[in-house]
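# Examining the three-dimensional arrangement
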Amino acid sequence: MDTVLEHSDESLQAELARIPEELPLLPIRNEVCFPGTIMPLTVARDKSRLLVEAALTGDKLIGVVAQRHAKTEDPTLDDLYRVGTVAHIVKLIRMPDQSETLVVRGMVRFGIENLTTIDPYWRGRVHIRPDHSPVTTEIEALMLNVRQVADDIIERSQNVPEEAQLMLNSIAEPGPLADFLAANLSLGLVHKQEFLETFDVVSRLVKVNTALAAQLDLLQLSEKLQNQVKGQIDKSNREYYLREQLKAIRTELGMDKGYSSELRKLEEKLRAAHLPVEVDSEAQRELERLSNISEASPEYSVTLDYLYWIAALPWAVSTVDELDLDRAAAVLDADHYGLEKVKKRILEFLAVHQLNPQGKGPILCLAGPPGVGKTSLGQSIARALNRKFIRMSLGGTRDEADIRGHRRTYIGAIPGRILQELRKAGANNPVFMLDEVDKIGQDFRGDPAAALLEVLDPQQNFSFTDHYLGVPFDLSQVMFICTANDMESIIPALQDRMEVIYLNGYTAAEKLVIARQYLVPRQLRETGLSSRTIKFTDPALRKIIESYTREAGVRQLERQIGAICRAAAALYLRKKSKQFSIKPVELDDYLGPPRHESEVALRTSKPGVVTALAYTPVGGELLFVEATRMPGDGNLILTGQVGSVMKESAHAGFSLIRSRGADFGISEEQLSQTDIHIHVPAGAIPKDGPSAGVAMFLAMVSILTGKVVRPDIALTGEITLRGLVLPVGGIKDKILAAHRAGIARILLPKRNEIDLLELPADVRRELKFIPMSDIDEALSEAFLPFVKTRTKKNQQKLSKRK
């Protein structure tokens, strides 16, 4: 017991009478002194020591009052409770370490009117509040109930001395009984002060009775739980109980220190990871199970690795986004020339993220030919956003476990590469580039593309579940960027989850700017040369672009520039030259003879040769369609590894010629006695698609009539049996390829005119675009002049068009 009841005597009234109106006040921390109790007090403050010395030389009466906050060193009136207890100093005990302990006996409650002084110690005007409680039947009933509940608590409590029950039974007055029990209840400062400030004895007894009942309920519940646990241990957990005893014995013998420290270290890591509630529950369950597994068991290391993986993932670690749109635009412009669509989309994401920070990250797919800057653009985006950058190549991936991980039942199981890369990055909101997503394979081990459906779905990836972890990880803050060359090889469900942005090839003018601003400085840094040592003239760069490379991107262009820089570095070190100015006439010495020449005029100067435009995963290309005739039975022969769709287009064009041969100046007898052979060069490369339909039709008309197709024209379009020209895809890439090859006129389907808006301004300015809606318009433009032996109506239509 912390306090002991002091029996009242006949001199109590006399003592109360000699209490002065002004008392020295002793503030105490975290304790409340009740009337009729004896309690020890530690005297630590200098003011308190002066107060005690003064009281001991006087009447030994002080006012003991609790202060509201224990940390207050020099309390004022507002820092003290206004009700305290007048106490008589019984003795002062001085310890060997110079500390002092004061033993006081509580006498009566008092209220503080005001503080008269605070130096050298606290003094205040007070008025005492003695108890006035005539014993009634209600009070007797309350006292009886309080004693019974207190007796029950004493019997159930193991740390209460036997003298407490004797003292309890010896108290006859209701006020002292309530104060004695209140002083010994396990309550906080505020609750005890509330009992002290309850002047009405009946109300005080009722509050004490309520607190005793609550404490009794707690003890009864604790006993019930202990009995249940004991019964469970006796019945089904005897082995666990013995194992715990064995662990305690090993700890006492010093045999288990390393094991315990490892578990503690792991628990600290899990706590520091700030796991979500669901994940934390699973981790704590596994940690508890781990503590019961022998270190020699194989399952011990498996579970330990699992918990270390959970602790290492960035569950709550994020980088702070750089939301300055102007800075982000400057970073993107500094790293890449052009690519306005992508830059615009990134700035839109930043604007939305600034207005709605809780929004989900976009799923972008950058599609285009190699070398246009898809992968490097991801790094620039991460730098513009001030995020970590992760690049994960999916080319050749065939196992679904690479994405989702292996289940822990497999030996050597680990999480998938998604979570592995996030752990390396150390943040849950990086820019995550999934490179070459169109080159994912598929075999008996599963379909990785299908596993990506959840990863790349903003409505699902907030709860991405790796097979190894078995608990959800939030990927919604990750900005996923995929890259692809050919969108057709990606499954439709995966395409539907991505926002596709097409990056087409560069024009010669754009390549010149890129070479001057980006490629040349980078190659100079890599070879250790300076801009004062070597300079590339614009004509030299233009010739490298036109004669030494033929690509949609700039990768081969950078290789050629690098080759020149390496050769110059060797000459510089051999002291053959100190400065280099690369001009067109010197390129043969560095790169050899030109590798690409314009063959358009040569290839189209004969009947039966037409320049078509084709689209491939690596960009647009020129496709030369050649036709020849021979005596035969009206058959059509196709070679050059053409696909089924392309064959059908050729047969549709041939049928159109047979049905309308008279309009083109071709007799039926000529068609029935002639075989036509169509060949598409580069026979080792498979070709397919309907966009060469008009070109093959014109090649057959050209060889049958002997007329030559214009050498400066290239065309694309699908043909129908009615002679209509239908729209096709890849217009921008096809036109850029024609521009690189020196084509001057482009014949394209009329419904593809809308695609011309995506072309650079210089390309639209340098090329002439001729829309066609049917073959009549194609013939009038491809053969000049082209006179048809047609009906009068068709002749009038042709004259109006001209």
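Keep in mind the model is a prediction, meaning the values are calculated, not measured. (Residues numbered from 1 in each chain as written. Predicted model: local features only at pLDDT ≥ 70, side-chain atom pairs only at ≥ 80, totals over all residues. Heavy atoms only, no water.)

The next point concerns the nonpolar core. Residues Trp315, Ile418, Leu434, Leu452 and Leu456 are the most contacted members of the largest nonpolar core, which totals 55 residues. The greatest single-element share of this core, amounting to seven residues, is contributed by helix H11 (residues 298–312). Core analysis: the second largest hydrophobic core is formed by 49 residues, Phe349, Ala382, Leu529 and Phe580 among them. (Core = buried A, V, L, I, M, F, W, Y, C linked by side-chain atoms within 4.5 Å. Buried < 20%, exposed > 50% of the residue type's maximum accessible area, 1.4 Å probe, protein only. Helix = DSSP H or I, 4+ residues; strand = E, 2+ residues; numbered from the N terminus.)

Let us now look at the packing of aromatic side chains. Tallied over the entire structure, the rule returns four aromatic pairs. Residues phenylalanine 664 and phenylalanine 697 carry aromatic rings whose centres are separated by 5.7 Å and whose planes lie at 75° to one another, so their mutual orientation is edge-to-face. With phenylalanine 664 in the loop between helix H24 (644–659) and helix H25 (668–672) and phenylalanine 697 in helix H26 (residues 693–705), this residue pair connects regions lying 33 residues apart in the sequence. Classification of phenylalanine 697 as buried rests on a relative accessible area of 0%. In this structure, arginine 129 is placed above the aromatic ring of phenylalanine 199, and the distance from its NZ or CZ to the ring centre is 4.0 Å. (Phe/Tyr/Trp six-rings, centres within 6.5 Å; stacked < 30°, edge-to-face > 60°. Lys NZ or Arg CZ within 6 Å of the ring centre and 35° of its normal.)

Another aspect to go through is the packing of helix H20 (residues 538–548) against helix H21 (residues 555–573). The axes of two packed helices give the description: the angle between them and the distance between them. Running from amino to carboxyl end, H20 crosses H21 at an angle of 125°, the nearest separation of the two axes being 10 Å. When the axis of H20 is compared with that of H21, the two are oblique. As for how H20 packs across H21, the hand of that crossing is right-handed. Taking contact as the criterion, the partners of Leu541, Ile544, Ile545 and Tyr548 in H20 are, on H21, Leu557, Gln560, Ile561 and Ile564. Across the contact of H20 with H21, the residue classes break down as seven nonpolar, one polar and no charged. (Axes fitted to C-alpha atoms, helices over the stretch in contact; angles between N-to-C directions. Parallel < 35°, antiparallel > 145°, perpendicular 65-115°, else oblique. Left-handed = near helix turned anticlockwise from the far one by under 90°. Contact = heavy atoms within 4.5 Å. Nonpolar A, V, L, I, M, F, W, Y, C, P; charged D, E, K, R; others polar.)

Time to look at the confidence of the model for the chain. For the chain, mean pLDDT is 83; residues scoring 70 or higher make up 90% of the total. Averaged pLDDT values for the elements of the chain fall to 45 in helix H30 (residues 792–801) and rise to 93 in strand E4 (residues 61–66). Overall, residues 4–8 carries pLDDT values under 50, and its contacts beyond four positions in sequence, including any with other chains, amount to 13 contacts. (pLDDT = per-residue confidence, 0-100.)

Right, let's talk about the environment of glutamate 551 for a bit. Structurally, the position occupied by glutamate 551 is in the loop between H20 and H21. You can call glutamate 551 buried: its relative accessible area is 16%. Separated by 186 residues in the primary sequence, glutamate 551 and alanine 737 place their C-alpha atoms 8.4 Å from one another. When sequence neighbours within four positions are dropped, the list of residues in contact with glutamate 551 reads Lys511, Gln556, Leu557 and Arg740.

So, about the pattern of salt bridges. The tally for this structure, following the rule as stated, stands at 38 salt bridges. One salt bridge in this structure joins glutamate 21 and arginine 125, with 3.3 Å as the shortest N-O distance. Here glutamate 21 is found in the loop between helix H1 (12–17) and strand E2 (22–28), whereas its partner arginine 125 is found in strand E7 (residues 123–129), with 104 residues between them in sequence. By relative accessible area, glutamate 21 is classed as exposed at 54%. For the salt bridge of glutamate 454 with arginine 404, the shortest nitrogen-to-oxygen distance reads 2.4 Å. You can see glutamate 454 sitting in helix H17 (residues 448–455) and its partner arginine 404 sitting in helix H15 (residues 401–404), a full 50 residues away along the chain. (Salt bridge = Lys/Arg side-chain N within 4 Å of Asp/Glu carboxyl O.)

All right, on to the pairing of strand E5 (residues 83–94) then. Alignment of E4 against E5, held across four bridges, turns out to be antiparallel. Its bridge partner being in E5, glycine 63 is matched across the sheet by valine 86. Looking at chain direction, E5 and strand E6 (residues 100–117) are connected through 11 bridges and run antiparallel. By the bridge assignment, threonine 85 is partnered in E6 with arginine 109. Connecting E5 to the next strand, E6, in antiparallel fashion are five residues, including glutamine 98 with a positive phi near 75°. (Pairing = 2+ DSSP bridges.)

What follows is about the pairing of strand E24 (residues 745–749). Regular strands place side chains that alternate from one sheet face to the opposite one. Among the five residues in E24, five count as buried, and that is most of the element. Pairing of strand E21 (residues 713–715) with E24 involves three bridges; the strand directions are parallel. The residue bridging isoleucine 713 from the neighbouring strand is arginine 745, located in E24. In the sheet, E24 pairs with strand E25 (residues 768–772) via five bridges, with the strands oriented parallel.

Looking now at helix H4 (residues 163–170). For H4, the complete set of buried residues consists of Ala164, Met167 and Leu168. Along H4, the residues classed as buried sweep out an arc of 105° about the axis, all on the same side. (Arc of directions from axis to C-beta.)

Strand order in this open sheet of five strands is E9-E10-E13-E8-E14, and the pairing throughout is parallel. The open sheet is flanked by strand E9 (389–393) and strand E14 (499–502), the only strands paired with a single partner. Strand-to-strand, the axes of this sheet are offset by a mean angle of 20°, without reference to chain direction. Relative to E14, strand E8 (residues 363–367) is paired through four bridges, and the arrangement is parallel. When the sheet's bridge partners are listed, leucine 364 is paired in E14 with glutamate 499. Running over the sheet, helix H13 (residues 340–355) touches E8, strand E13 (479–484) and E14 and is turned about 145° from E14. Helix-sheet contacts for helix H14 (residues 374–385) involve E8, E9, strand E10 (431–435) and E13, and the interaxial angle to E10 is about 175°.

Turning to helix H10 (residues 277–290), a few remarks are in order. When the terminal C-alpha atoms of H10 are compared, their 20 Å separation across 14 residues agrees well with the 20 Å that a helix rising 1.5 Å per residue should span. Within H10, burial applies to Val279, Ala283, Glu286, Leu287 and Leu290. What you see down the axis of H10 is that its buried residues fit within an arc of 105°, all on one side. Seen from the open side of H10, the exposed residues pointing more than 90 degrees away from its buried face are Val277, Glu278 and Glu288. (Expected span 1.5 Å × (residues − 1).)

So, about unusual backbone geometry. Of note, the bond from aspartate 119 into proline 120 is cis; its omega dihedral lies within 30 degrees of zero at 5°. Summarising the element assignment, proline 120 is placed in the loop between E6 and E7. Of note in the backbone geometry, histidine 274 takes a positive phi value of approximately 50° without being a glycine. Residue class for histidine 274 comes out exposed when judged on its relative accessible area of 58%. Even without being glycine, glutamine 641 reaches a positive phi, approximately 55°.

Structurally, the position occupied by asparagine 635 is in the loop between strand E18 (619–631) and strand E19 (636–639). In the structure, asparagine 635 is positioned 41 residues away from isoleucine 676 in sequence and 6.4 Å away in space, judged by C-alpha atoms. Those residues in contact with asparagine 635 that sit more than four places away from it in its chain are Thr674, Asp675 and Ile676.

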